[in-house]
Structures are given as structure tokens and as C-alpha cells.
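# Analysis of the macromolecular model
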Amino acid sequence: MQPDDKKNTLSRKVFLKYAGMGAAAAALPPLVPGLARKALASIKTGQNYEKAQRIFSCCNQCGGQTGIECLVEGGRVVSIRPNNHNPNGFSNISTDFFANIEKEGAVMCPKGNAGLMTLYDPDRLQKPLRRTNPEKGIGIDPKWKEITWDEAYTEIANRLKKLRADSDAHKLLWFSEDHSFTHVQADFMKLFGSPNYSNHSNLCDTARKASFKMVMGDERPLMDAIQSKYILLFGWNPLSATKWAFLPRLMTRARENGAKLVVVDPNFSYTANKADEWVPIRPSTDGALALAMAHVIIRDKLYDETFIKEWTAGFDQFAAYVQDKTPQWAETITTVPAKTIEKIAHDFATTKPSLADVWSGPGQHCNAVQGGRAIACLNALTGSYDRPGTMVSPEKKGNKHIEWSADDTAAATLRMDRFDGLKSYPFGHKSGVYCESFARLAEGKGPYKPKMGIVVFQNLLMSVPGTKTVEAALKSLEFLVVNDTCLSETAQLADIVVPGTTYLERYDLNGHWVTWPVLGLRQPVVAPLFGQPTEYEFVAELGRRLGLKDKDGVEIFKMGHVSHQPIEDKKAWYEEWLSKELLEGEPKISLDELKALPGATWMSKTGTTYEKYAKPVSEEKVKAAITEGNVLFSKKKDGTKDKQIGILKDGKAVTGFQTPSGKVELFNAKLAEKKDADGVPVDPLPVYKPRQWAPDGQFPLYLINWKQASHTHSRSQNNAWLVEIGPNNPLLMNAATAAKMGLKDGDAVWVESKYGKMKSTLKVTAGIHPEVVGSQHGFGHWALGKIANGRGSFDGGLRPTKADPISGQALHKECCVKVSKA
């Protein structure tokens, strides 16, 4: 069913008017019945809410975790506003935050402003459901039967007990979102005895993580845009795909301060629209462009000689490799004119400070890691690491994840290999490899046959490429449990579905992605609307029913971790869990003390620091260290090597970079000792190789997708207010290409690959590469809710369930299609 937008959703003009001000509601959508209507009934435009209770928290409409201030009246959330005490809604640089926050104020994106419609979504799941139809599949009615919480817990726990009793604990797979209450879920799996806890990160940016880790040792350096004078972005749209709410402000202020912005992207994104130069590029060829730029910079001796000499390794080998990677060579691969490459290379190298960054655009192809590595090497050539206005290594110090030792029963099955083959990916991420898991499940491969799955806050059928493979994989499990707020596509394949909570109903600790240590609290603003347990209470109850203990016999999911006394109330138990993480982490405060801080936000007094690689290592640490070559390591309790803490340089111990050499690595011979998941040795250099799937006569166009501020992945398409901003996802095609094919704007079209096809509506534009078509990711639901169902097009079935062989990153953008009029 597709609702009438005019009747069922808030006026776009009204929402946009108030979205930037943080107002929660300006009108009441008639679609919202019952509890939701009652909750919103008192909201009035421009209301000051002077009597409202103010509760500071953090958003979770996406992974950005922006600080928020919620106003609550009579048990109802009536307004969500930015939190001026939390830098995540303002800046990632401490000096900028403290100097300007009072003048400008924090911000939120549209998704954060629409949080009320997530909380009061009329399609939210309210009670546990049990499947009564044994047949499973897309479009098959589960024939749900409502059950009690005790019935749900009993059935789930009994199945888990049997797995453990049969020494099959490792045959439980667990999938979750990559931020929310991950510690308690990972700890449950460890104490239960399964090595198969996975989360969302490998669907997002693990290729980028691998690229930067290989070059400079940090998985996620952050751009110091506000102090930069030249910003070169490859396949990133920070002005609209707002990973963090501070990004649009930083980009805007940088431009106001005279920074030049150049965007390399097949799509004329909102950021490209605001750039000095848009460089349309053939998808997956960004690495070739970066190598040609490096050729120019080295040929013309534009590199930072001091930084190269003092802080890099492998320059000579890298210089020899790029000697023939001329702009003319790159033009034939990328379609970017050689003159353009020459100009960008000169401007990037001679404008100080400069930075080059890369995200998911180039990062979701099979050659992404080496391409991203080439881009990361550009920063090395110009000394653009950990200096003002460059790519900065953030200091992530916050709550400490408490490590529990598994008992003998759990330890026996923890020794089993992970089902997803993570160890075969040389730079795989701890989040696992979703694509490998589902491909193996569907094909009956892998080291063993998993029997049970638990999915928390994830819609796997909409988020993992290769929909039919994911469907077959989930059907192959003997029992599937889904914990979510709505009956998603994945939930429709479950045996038991239990209702989850929204971020406004639960706790979390958020180590924010800014450049200095900052930790924000997410806390319940209202109690769970339907009396349901939060996700961590759900996990704790299962742990209690299973009697899970650590090696010392302590019931981890029942014992208070500060009071060291059993706690029956699971919310109070989790509050002690969080307090322990805070007390033993950097803040050294309790949960109550964090709540009492301004904006419920803790910040380190150190602020943003630069050139940390040159910081001396204390004599005490040097004396206690293990030295291998010129690299220093701390010791574990048993005297063996632990973490890298520094390098010996010119007779002094300095921090260095977290790479094998302690320096930025343009070349690393030891990489060849590692083999990727396809059995191919990893190249010591950031080589360019074409991706495996290229256009041909049958499927001549590249298909890409992207994200915009209007929606979060496939999670928000049932949010009435956000649908007003982003109601659908037409297929963009270049005007010249459309003319050759006899297609017009607004045409209904079929988009077909060798794996499947989808129907879409064509949008003809000059703002996309002529060889490329694409659309916004996340639409095309056949479940989730009344608004989302049937809205837009879903492209997940057009790709295989395949991962990058180095990092395990899902290949969301490696696809070739043909387009025809429907």
C-alpha cells in the first residue's frame, strides 16, 4: 500500500522550516493513531515548553550519535533539540568547539529532527510473535501468533540450552548494529561459547579502515576540514550523507575561510554542487587517479621532503612504481582529462594545509582497499597527517570494555573457527564478513552448519547484497530470532520476533568521533512505550535463564559490577555495567556523575593534539618495553609482547605511527606474506587493478547507489516526516545517455543485471557520469510499515553476495546493468 502523501504526512515546507531549529513537531499527521496521536496531541508550533523536563541524550537515528536535548511533558517527548554541550553536533576540533559553540550553537540533521516519528511510529511492534507457518520465504505469510514474553524467553532459552548441551554453541550466529549495546551482546556470545558475533561495520567502511591502517596505522583518521585550505574528497558526500552532524558546518566554514573544495565522484552530489570543482570519474578507478597525482607530485618534486625523509618508509619503491602512472595513463582508465589531473595534483601539493579523504563511494568495489591506499599515500607525500588542516588521528579514550573470561564449557566451542572465515581476510575487521556468512549458509559450505541465528536491530534482507542468497541463508537456519522495532523484511523470516526499543527509550555510551576524547550518554527519555525490555535487558534475561558464568563462576548477567551483589532489576544491573565501564575507563566517573555533567557529556581536558607521532615515550615505558628492531612494545602480565608504543628514532623514543615500521608506509614488503580471501598475495604497493565486474555489451552501464540526509540506510522509510523530504529514489541517468537510448525524464524503466532486475522511475540529469546510473539506497520495502511498503526501488537483488577479498567489505557498488523502458 502506498499512502496518499498529502493526507498522511507532514507538510514538507513546515518540516523543513522547523528541522533546522530542532523543533519536534509543527503539525499532527492524521496517519498516527492511538498512543502515538495521544503522545503528540499537545505539540504546538513555536511552543517554548517552559515546564517541560529537559533530558540530555544522544541521537541514534543513524550512526552519527549527535548530542540532543529532549523536552518531556506528561511522559511524552514533545521536542528534540541539539545539545550545545556535546561537540558531535558542532565540530571535531576542540579549539573550534570551545571558541564558537556559544556564538553559533549545535545542529542536528533532518533524521534527528524526525526522531519523534520513529518513537511514535504507529507500525511499531508491541508484543512478541511466534511464527505458525513452517514455510518461509519472501512474500509468504508467517501467520503470526501473539505470545507472552515468558513464552518467548522460554522457547529461545531452551533452544540455546540445547545447543550448549550438545557442544554446538558455536553454531549460534548473532548479527547486530555496530554501535548500540554491542558490548553486552559480544559478551553474551563469548560466555555462551560462540565465536560468531558480527555487526554492521563490514557493510559500511571496512575497506577504508584497511586502506588507512595499511598506510598510517589508524583505521579511522578524521579530516580537520575547518583548518584546511584544500580539501580533496573521493566518493564522499559530507554535506548530505551526513555521517556526523558537524560535517556540513565544518565544510561550510572551511569554504568561508578560503579552502578550495574538489569532489571526485561519478554522481553530482550535494557536496559536489557546492565544490569549486566536480570531477566525474568512472566508478572504481579512483586509485588510478591518485597514482597519477602521485606521479605528478613526485615528478615535479612537490612533496614534503622533510616528512618523507623523517616519517615515511618505502618512498623509493613507491616513486619507482608510479613513474609510468602518468596522467595520460590515468585518463584512459578514469575518463578524467590528463590536464585536470595535472592541475589537481599541483594544487593539492602546493596549497597548505591540504587533505585527501575517501569513503564508501570508491570503498565498495573489489579493488577498494588498494585504491583507498593510493589515496592515503597522497597525504603521505604532502605531510598531511596529524597536523592542523590535514587527516588527524583521533584520540579515542572513553569507557572501557570489561573483558570476561569464558568458563571451560564456553572455551571449548570458542576455539572453533568463525563461520564467516574472517581469518582469511588479511585486513578483515572484527565486525566479521556478512557476505561470506550468508553465501556459505545459502550454499551449504563452511566449517560447520549453523543451527540458530539472533538478529538485533538489523534488516539483513535489505542491507546485504544478493537478496535471494540472504533469503536462502536465513531459511537454512533451524531457528531464527529477530529483535526489532517493526516487522521488517528480515523479521518476516523469523520464528520468533520480539519488539525492540528506540534510542529514546534506552541507554548507551557513545565515544564520539571527534579528534579528542569525548563521551556522550544516551539515556532513556521515556520508558519503553509498550513495557517491553530494552535490548540489553533482553540479552541479560537470556543470560540469566542460561545461567551463564565467567571462569570464576560469577553470573555476569545478574551480578552488579560495582556493588558486587546480585541485582534482580535488569535496568539497574545495566546501569552498574555502564558505571563499571566508566569508572575503569578514561572518565573515572560513575553513570550518575556522567548524567550530572553539562549535556550528559564528558570531555577530556587535553583537547585536540597534533603531531602525536613525534611525542616522546616516557623513560618508564621505554625501560619496561620489549624492543624489536627499532619498534617498542609494552608487555603483557605474562611478559610477552603486547601493544606497539613507539619507535627509536635518532636515539630517542617517540610514539611514531601504528604501522610495522612505526612510520607512514608507502611500501611494505611484508604484505606479500599475506594472502587475501581469494588466495592472492597482498601487493606491497598500492597497485591499481580493474575491478572484476566491468560493463560489457549486454550490461553496459555501471550501477551505483548512495545515501542522503533524508534517510538512514533502509531504516527510516516508514518515518512520515522523512518521507516528506525523501519520498522515493528515482534512477538517475545522464541526459546524453538517455537521449541515445530514447528515454525521457519520468519514464518507468527496468534495470537489469545478470542477477536480477528492478523497476524504477527515470530522472534525467547532467549530474551523473555518462556511463553510470544510480539511486539512493534504502527504498523498495515490501514490509517494515504502511508508509515504507512499496515505496521506491530496491537494488539489493541486482548484485551477488560478495565481499572484498582483503577487508571483507560488502560490494554494494560493484554492479553492471542494462536499462530499458518498462
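Scroll up for the structure.
In short, a report on the structure. Since this is a predicted model, take the numbers as computed values, not measurements.

## Considerations on helix α4 (residues 94-104)
- Buried within α4 we find S94, D96, F97, N100 and I101. Down the axis, α4 shows its buried residues gathered within 150 degrees of arc, on one side only. For α4, the exposed residues lying more than 90 degrees away from the buried face are T95, F98, E102 and K103.
- Buried residues along α4 sit in contact with α10 (246-256) and β20 (601-603).

## Focus: the packing of helix α12 (residues 286-299) against helix α15 (residues 327-334)
- Interhelical geometry of α12 versus α15 gives an angle of 170 degrees and a closest axis separation of 9 Å. Between α12 and α15, the crossing angle belongs to the class labelled roughly antiparallel. On α15, the residues touching A288, L289, L291, A292, H295 and V296 of α12 are P327, W329, A330, I333 and T334.
- Looking at the contact of α12 with α15 residue by residue, the classes come out as 9 nonpolar, 2 polar and no charged.

## Observations concerning the side chain of T501
- Inspection of the secondary structure puts T501 in the loop between β17 (496-499) and β18 (508-511).
- The class for T501 is buried, based on a relative accessible area of 1%.
- One polar contact links T501 to E535, side chain to side chain, over a distance of 2.6 Å.

## Re the sheet that holds β20
- The strand order across the open sheet formed by 3 strands is β18-β19-β20, and the pairing between neighbours is antiparallel. Of all strands in the sheet, those bounded by a partner on one side alone are β18 and β20. Strand-to-strand twist across the sheet, computed as the mean angle between neighbouring axes with direction ignored, equals 15 degrees.
- Relative to β20, strand β19 (residues 518-522) runs antiparallel, the two sharing 3 bridges. Of the residues in β20, the one forming a bridge with L519 is W602.

## Some points on unusual backbone geometry
- Backbone torsion omega between K352 and P353 reads -10 degrees, so that peptide bond is classified as cis.
- You will see that F181, though not glycine, has its phi angle at about 40 degrees, which is positive.
- With respect to the helices and strands, F181 occurs in the loop between β6 (172-176) and α8 (182-192).
- The class for F181 is buried, based on a relative accessible area of 3%.
- For E611, which is not glycine, the phi torsion reads 50 degrees and is therefore positive.
- Structurally, the position occupied by E611 is in the loop between β20 and α26 (619-624).
- On the accessibility criterion, E611 (36% relative accessible area) is partly exposed.

Parameters and conventions
- Residues numbered from 1 in each chain as written.
- Predicted model: local features only at pLDDT ≥ 70, side-chain atom pairs only at ≥ 80, totals over all residues.
- Heavy atoms only, no water.
- Buried < 20%, exposed > 50% of the residue type's maximum accessible area, 1.4 Å probe, protein only.
- Helix = DSSP H or I, 4+ residues; strand = E, 2+ residues; numbered from the N terminus.
- Arc of directions from axis to C-beta.
- Contact = heavy atoms within 4.5 Å.
- Axes fitted to C-alpha atoms, helices over the stretch in contact; angles between N-to-C directions.
- Parallel < 35°, antiparallel > 145°, perpendicular 65-115°, else oblique.
- Nonpolar A, V, L, I, M, F, W, Y, C, P; charged D, E, K, R; others polar.
- Polar contact = N/O pair within 3.5 Å; in protein donor to acceptor, adjacent residues only side chain to side chain.
- Pairing = 2+ DSSP bridges.

Limitation: the analysis is restricted to geometry and does not speak to function.
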